[in-house]
Amino acid sequence: MTKNMKNYNVNEKGYYGEFGGAYIPEMLYPNVEELRQNYLKVMAEPEFQKEFDQLLKDYVGRPSPLYFAKHLSEKYNTKIYLKREDLNHTGAHKINNTIGQILMAKRLGKHRIIAETGAGQHGVATATVCALMGLECIVYMGEIDIKRQAPNVARMKMLGATVIPALSGSRTLKDATNEAIRDWINNPVNTHYIIGSAIGPHPYPDMVTKFQSVISEEIKWQLKEHEGRENPDYIVACIGGGSNAAGTYYHYLHEEDVNIIAVEAAGLGIDSGESAATSVLGKAGIIHGCKTLLMQTNDGQITEPYSISAGLDYPGVGPMHAHLCKTGRAEFMAITDDEAMKSGLELCKLEGIIPAIESAHALAIFEQKIFKPDDVVVVSLSGRGDKDLNTYINYFNL
Amino acid sequence: MNRINQKLKEDKKLLSIYFTAGYPNINDTVSIIQDLEKNGVDIIEIGLPFSDPLADGPTIQASSTLALKNGMTTEVLFDQLKNIRKSVNIPLIIMGYFNPMFQYGVEAFCKKCQEIGIDGLIIPDLPVDVYHEKYQTIFEKYGLINVFLITPQTSDERIRYIDSISNGFIYMVSSASTTGAKVGFGEEQTQYFERIGNMNLNNPQIVGFGISNNQTFTQATQYAKGAIIGSAFVKHVTNEGANSIDNFVNSILN
Ligand SMILES: Cc1ncc(COP(=O)(O)O)c(C=O)c1O
């Protein structure tokens, strides 16, 4: 860490600058406090690390490749590497976190697992690890998302999970998260809540970030093999709540020569009223137990975001990212539905990879921002597009 | 002396009622408050609706959603309440989530409460330690009592801590749940009520969650200074409208 650089990690009180904390009802305090007191201790146990690493290797298929995207690089006249989280078991980065949290839940003696999901990737990743460990699994999912991510709903059911539709509010990720939190309030003793992104009350954002940090840990040695240096000039990731981004940035946060780019979903356009570009449209507030940037009315009511990609359709960002935004450490860019869809299809044609629409947002920055020919740009390809086939089919009339 | 503290001194069991402001109609707020007082309710919790009420079950969620749709905002509520002390004498508490207060500005919010004659606040998602560190002096400056929740899972040590920071009453949540989830009390609850009773806390306790009728009110107040009814009242208003409050309150008290 360079001497006069700010700290971008969580502090001992659970804050990133002014963001973070644990704004939770008293009913949740015992559970969250138990986790807070134990998570670092448990994660530091050699036995835990061994089991985590082993599962990431043998079950998830890590390390995920760092792939030099030759044709994409030629097209945009810069050096583009894709971190292939799409090749993980279950098709996205989400499983890194669920493996870590299921091991944590077992250490804490919990045998009932709940989760929220937007795109269904986190729900599938949670259902998967619950099947693996033989634990009961309940997934809350917005009614709208259940419709637009039908294959993932079927997957969760095949894996033995119960999928409960969230019928309140906008019936998307925000409301699924509310329902999961309410479930936890009503089941205070034997239940662990596996949050799927770097959001929620402390210690969740930090714990999720640490489980996802394997992404940047691998990028470092992989890039060294490719380029002879650990540090790229840019690292890029899309942000829903910010877990793939947090993992992609983690080991670079305090490397001054690495530029961080965070890509948000602009939906139909930032000023269209149908957007999820929190860094532009949001201000400080409290959502799902933490203080962060969030989209809200002047009156403090949380507004309903929109993005074509269910995984980015969230009115806040994790508190770490709010801090990166506020301090200027990360550059935030906003990509519309159309731009993302175009870039998604482009990756199919140029590289033979069908990306998740979330990840396609990160790829679309090359149309907006010019990089130098010898810049090394690492993009987190957070997931594969299988779950989005219906959306692709409808959008492109395939 | 704050009206809440005065009320707590009365030699009787207290009935506190929660309702969602702006529900069922935007302009029902004042008449509901007046009718509740007229029919013998001791303390009123005015719910400031929030888009994402994490600690609430379907009944209060639905009433909040509709109240917001009706146009309820912090400004509108304050405006409706500006003359409330001309007609109402019992303690009034605003219950709401932290974000709308945070956006209004915590100090501005507290100041406005004092001007209107609000006596206290219940903010389920403002944790005790954050309150203590950042906001307690502001609340005290404007004479507001902040009410904290405890649950059957709250440790004795933490209850003592909460007791030390409280200066009105402690909201004893009957079972760890969202509002309206459970009705009635079992063995587990009565043991918990007894355990808290035996702690001889400085602040009296008022039981909330799971109280819906005369039987549960009587049961809860065997162990506590009073009881709070929320979802059951909101349901009543949903079914009967805002003009049959006497029936509801009579059914609880008699
Ligand atoms: C493939 C993929 N990428 C990104 C995201 C966004 O989540 P996060 O910001 O936590 O990485 C999701 C969420 O469902 C996803 O499925």
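This structure is a prediction, so every number in the text was calculated from the model and none was measured.

The next point concerns the environment of A:D299. Along the chain, A:D299 turns up in the loop between β12 (290-294) and α13 (319-327). With 164 residues separating them along the chain, A:D299 and A:L135 place their C-alpha atoms 42 Å apart. Beyond its immediate stretch of four places on either side in the chain, A:D299 contacts B:M72, B:T73, B:T74, B:P100 and B:Q103. A distance of 3.1 Å separates a polar atom in the side chain of A:D299 from a polar atom in the side chain of B:T74.

Moving on, we come to the pairing of strand β10 (residues 259-267) of chain A. Here is the key point about a regular strand: its side chains alternate between the two faces of the sheet. All names here are of chain A. In terms of burial, β10 is largely enclosed, as eight of its nine residues are buried. In this structure, strand β9 (residues 234-238) lies alongside β10, joined through five bridges in parallel fashion. Paired with V236 across the strands is I261, a residue of β10. Crossover connection from β9 via helix α11 (residues 243-249) to parallel β10: handedness right-handed.

Moving on: the interface of chain A and chain B. Each side of the interface is counted separately: chain A has 34 residues, and chain B has 38 residues. Overall, the association of chain A and chain B removes approximately 2800 Å² of surface from exposure, summing both partners, and the carbon and sulfur fraction of that is 53%. Summed over the shared surface of chain A and chain B, the number is three salt bridges. For the salt bridge of A:K174 with B:D52, the shortest nitrogen-to-oxygen distance reads 2.8 Å. Taken together, the connections running from chain A to chain B amount to 17 residue pairs in polar contact (both at pLDDT 80 or more). Among the elements of the structure, α1 (29-44), α8 (173-186), β11 (283-287) and β12 of chain A are those that each provide at least two residues to the side of chain A that touches chain B. Broken down by element, the side of chain A that touches chain B gets its largest block of residues, eight residues, from α8(A).

Let's shift gears to the UniProt feature "active site" (unreviewed entry) in chain B. Residues and elements named next belong to chain B. Those residues carrying the UniProt feature "active site" (unreviewed entry) are E45 and D56 in this numbering. Position of E45 among the secondary structure elements: in strand β2 (residues 43-48). Residues within four places of E45 in sequence aside, it is in contact with S16, I17, Y18, F19, I93, M95, I122, Y171 and I228. Among the polar contacts made by the side chain of E45, one reaches the side chain of S16 at a distance of 3.3 Å. Structurally, D56 is set in the loop between β2 and α3 (58-69).

Another aspect to go through is the packing of aromatic side chains. Geometry of an aromatic ring pair is reported as the spacing of the ring centres plus the angle between the planes. If you walk through the whole model with that rule in mind, you get 26 aromatic pairs over all chains. With 5.3 Å between their ring centres and 50 degrees between their planes, A:F52 and A:F211 make a pair best called tilted. Separated by 159 residues along the polypeptide, A:F52 in helix α2 (residues 46-60) and A:F211 in helix α9 (residues 204-212) bring together distant segments of the chain. On the basis of relative accessible area, A:F211 is assigned to the buried category, the value being 1%. An aromatic cluster of three or more residues is present, and its members are A:Y23, B:F98, B:F102 and B:Y135. Over the face of the ring belonging to A:Y29 we find B:R158, whose NZ or CZ atom lies 3.2 Å from the ring centre.

To continue, consider the nonpolar core. Counting 185 residues, the largest nonpolar core has A:M104, A:Y249, B:L36, B:I46 and B:F233 as the members making the most contacts within it. One finds A:C238, A:I261, A:A360 and A:L381 within the second-largest nonpolar core, a separate group that totals 32 residues.

Now for unusual backbone geometry. A cis geometry characterises the amide bond from A:H202 onward to A:P203, with omega recorded as 15 degrees. Along the polypeptide, A:P203 turns up in the loop between β8 (191-194) and α9. Each neighbour pair has its own omega, and for B:Y23 with B:P24 the value is 0 degrees, a cis peptide bond. Its place among the elements puts B:P24 in the loop between β1 (14-20) and α2 (29-38).

Cut-off values and rules
Residues numbered from 1 in each chain as written. Chains lettered and ligands numbered in written order. Predicted model: local features only at pLDDT ≥ 70, side-chain atom pairs only at ≥ 80, totals over all residues. Heavy atoms only, no water. Helix = DSSP H or I, 4+ residues; strand = E, 2+ residues; numbered from the N terminus. Contact = heavy atoms within 4.5 Å. Polar contact = N/O pair within 3.5 Å; in protein donor to acceptor, adjacent residues only side chain to side chain. Buried < 20%, exposed > 50% of the residue type's maximum accessible area, 1.4 Å probe, protein only. Pairing = 2+ DSSP bridges. Right-handed = clockwise from strand over helix to strand, strands pointing away. Buried area = accessible area lost by both parts, 1.4 Å probe. Salt bridge = Lys/Arg side-chain N within 4 Å of Asp/Glu carboxyl O. UniProt positions renumbered as here; feature names shortened; annotations may be inferred. Phe/Tyr/Trp six-rings, centres within 6.5 Å; stacked < 30°, edge-to-face > 60°. Lys NZ or Arg CZ within 6 Å of the ring centre and 35° of its normal. Core = buried A, V, L, I, M, F, W, Y, C linked by side-chain atoms within 4.5 Å.

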